[in-house]
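Spelled out from the first residue to the last, the chains are:
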Amino acid sequence: SWSSSDSVISIESAGEPAEPESPYRVVLLGASGVGKTAFASIFAGAADSMDSDDCELCGGEEKIKTTVVNLNIKSFLRRFWQHMQTGDAYLLLYSITDRTSFLRASELRITLRRFCPAQNTPIILVGNKCDLVRRREVSATEGRACAAVFDCKFIETSAAMQHNIWEAFHGIVRQLRLRRDSREA
Ligand code: GDP
C-alpha cells in the first residue's frame, strides 16, 4: 500500500578509521513529508546537495564517515525491498503532526519484522517535528507505547530545531556497536 510519494533515504556509515571495511547502512524509512530529507541533510551537513554527499560526523568520541543517498520517487519502489533487506539499522520516522504517518510507521515496523527477522537489528522509532506543539496529533505516550509493543527504542526529535537528532543517530551507532561486539565476543 505504498504511494509513489513515499521515499526512503539510506545513510551509509563507514565506521571508524580502524575498520574501514565494515560499513554500516542506516536506512531512514517513513511516509512522505515526515522529515527524512531534513534528517539526512543534517547528517550530510549540506542541505542543498542531497544526491550523494560525504561528511564527517563528530559528536563526543564518535567520528563516522557517512554517505547520504537520497533516492528519487521512481527508484524508490524498485529499490524498496533491496533497502528493506540490506539495512544494518533503521530510523523509522513519523511526524507528530500527522497521525497517518504514525500508522504508516507501524505498518513499516511490521514489514521490517517480516523481512529482517534478526531480533537485534537496531530500530529506533522517531517522532519528528516535536517543535510543532500546537499541531501535535500523536502524543509522546502513544509513541513510546508503540515502540514498546514493537520492541524498539523511541525518541522525539525536531529536525527544524536540530533537537535530539544526534541522540537518535548515536542511539543507532551504539546499538550497532553493541551488536558487533557481542558477535565478536
Ligand atoms: P521527507 O519527505 O520525509 O523527506 O520530508 P522532508 O525532510 O522533505 O520534510 C518535509 C517538510 O517538513 C519540509 O518542509 C521540512 O522543512 C519540514 N520539516 C522537517 N522536519 C521538521 C521539523 O522537525 N520541524 C518542522 N517544523 N518542520 C520540519
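The chain has the name GTP-binding protein in an unreviewed UniProt entry, where Salarias fasciatus is given as its organism. In its Subunit (unreviewed entry) section, the UniProt entry covering the chain states "Interacts with Calmodulin." Its UniProt record gives the chain a comment under Sequence similarities (unreviewed entry), which states: "Belongs to the small GTPase superfamily. RGK family."

Participant: Whenever I open this one, unusual backbone geometry confuses me. Can you help?
Facilitator: Phi is mostly negative for residues that are not glycine, and the peptide bonds are mostly trans. Phi at Lys 129 is positive, roughly 70 degrees, even though this residue is not glycine. For Lys 129, a count of 26 C-beta atoms within 10 Å corresponds to the buried category. Even without being a glycine, Asn 164 presents a positive backbone phi close to 65 degrees. Mapped onto the fold, Asn 164 is located in the loop between strand 7 (153-156) and helix 5 (165-184). Overall, the presence of 18 C-beta atoms within 10 Å leaves Asn 164 in the partly exposed class.

Participant: Quick question: what am I supposed to make of the pairing of strand 6 (residues 123-128) here?
Facilitator: Two faces belong to every sheet, and in a regular strand the side chains alternate between them. For strand 6, the buried fraction is high: six of the six residues fall into the buried class. The alternating pattern of strand 6 places Ile 123, Leu 125 and Gly 127 on one face and Ile 124, Val 126 and Asn 128 on the opposite face, and all of these are buried. With six bridges joining them, strand 5 (residues 89-95) and strand 6 adopt parallel strand pairing. Bridge assignment links Tyr 94 to a residue of strand 6, and that residue is Gly 127. In the sheet, strand 6 pairs with strand 7 via four bridges, with the strands oriented parallel. In the strand pairing of strand 7, Leu 125 is matched with Phe 154. Read from strand 6 through helix 4 (residues 140-149) to strand 7, the crossover connection turns out right-handed.

Participant: Mind showing me how you'd approach the environment of Ile 124 here?
Facilitator: On the secondary structure map, Ile 124 appears in strand 6. Owing to 22 C-beta atoms within 10 Å, Ile 124 belongs among the buried residues under this scheme. C-alpha separation for the pair Ile 124 and Ala 40, spaced 84 residues apart in sequence, amounts to 15 Å. Not counting the four nearest positions on each side in its chain, Ile 124 is found in contact with Leu 91, Leu 92, Cys 152, Lys 153, Ile 155, Ala 168, Gly 171 and Ile 172.

Participant: Explanation requested: the confidence of the model for the chain in the structure shown.
Facilitator: In low-pLDDT segments, the atomic positions of the prediction should not be examined closely. Residues at a pLDDT of 70 or more form 59% of the chain, whose mean pLDDT is 71. The low-confidence segment residues 1-7 (pLDDT under 50) makes 13 contacts with residues lying over four places distant or belonging to another chain. Here residues 13-22 is a poorly scored stretch, pLDDT under 50, and it has 15 contacts once near neighbours within four places are set aside; other chains count. Across the whole predicted complex the pTM is 0.78, and at the interface the ipTM reaches 0.99.

Participant: Mind showing me how you'd approach the site of the ligand here?
Facilitator: Lining the immediate environment of the ligand, one finds 16 residues, of which Gly 35, Lys 36, Thr 37, Ala 38 and Ala 160 sit closest. Broken down by element, the shell around the ligand gets its largest block of residues, three residues, from helix 1 (residues 36-44). For the shell around the ligand, the per-class residue count stands at five nonpolar, eight polar and three charged.

Participant: I keep staring at the nonpolar core and nothing clicks. Help me out?
Facilitator: A general tendency of soluble globular proteins is for nonpolar side chains to be buried together. Leu 91, Leu 92, Leu 93, Ile 124 and Ile 172 are the most contacted members of the largest nonpolar core, which totals 36 residues. Every element with two or more residues in this core is listed here: strand 2 (24-30), helix 1, strand 5, helix 3 (99-115), strand 6, helix 4 and helix 5.

Participant: I'm lost on helix 5 in this one. Help?
Facilitator: Owing to its 3.6 residues per turn, the α-helix aligns residues three or four sequence positions apart on the same side. Compared with an ideal rise of 1.5 Å per residue, which puts 20 residues at 28 Å, helix 5 spans 29 Å between its outermost C-alpha atoms and is within 8% of the ideal. Of the positions making up helix 5, those classed as buried are Ile 165, Ala 168, Phe 169, Ile 172, Val 173 and Leu 176. Projected onto a plane normal to the axis of helix 5, the buried residues spread over an arc of 130 degrees and lie on a single side. Among the exposed residues of helix 5, those pointing more than 90 degrees away from its buried face are Leu 178, Asp 181 and Ser 182.

Reading guide: rules and limits
Residues numbered from 1 in each chain as written. Predicted model: local features only at pLDDT ≥ 70, side-chain atom pairs only at ≥ 80, totals over all residues. UniProt positions renumbered as here; feature names shortened; annotations may be inferred. Buried ≥ 20, exposed ≤ 12 C-beta atoms within 10 Å, placed from the backbone. Helix = DSSP H or I, 4+ residues; strand = E, 2+ residues; numbered from the N terminus. Pairing = 2+ DSSP bridges. Right-handed = clockwise from strand over helix to strand, strands pointing away. Contact = placed C-beta atoms within 7 Å. pLDDT = per-residue confidence, 0-100. Near = placed C-beta within 6 Å. Nonpolar A, V, L, I, M, F, W, Y, C, P; charged D, E, K, R; others polar. Core = buried A, V, L, I, M, F, W, Y, C linked by C-beta atoms within 7 Å. Expected span 1.5 Å × (residues − 1). Arc of directions from axis to C-beta.

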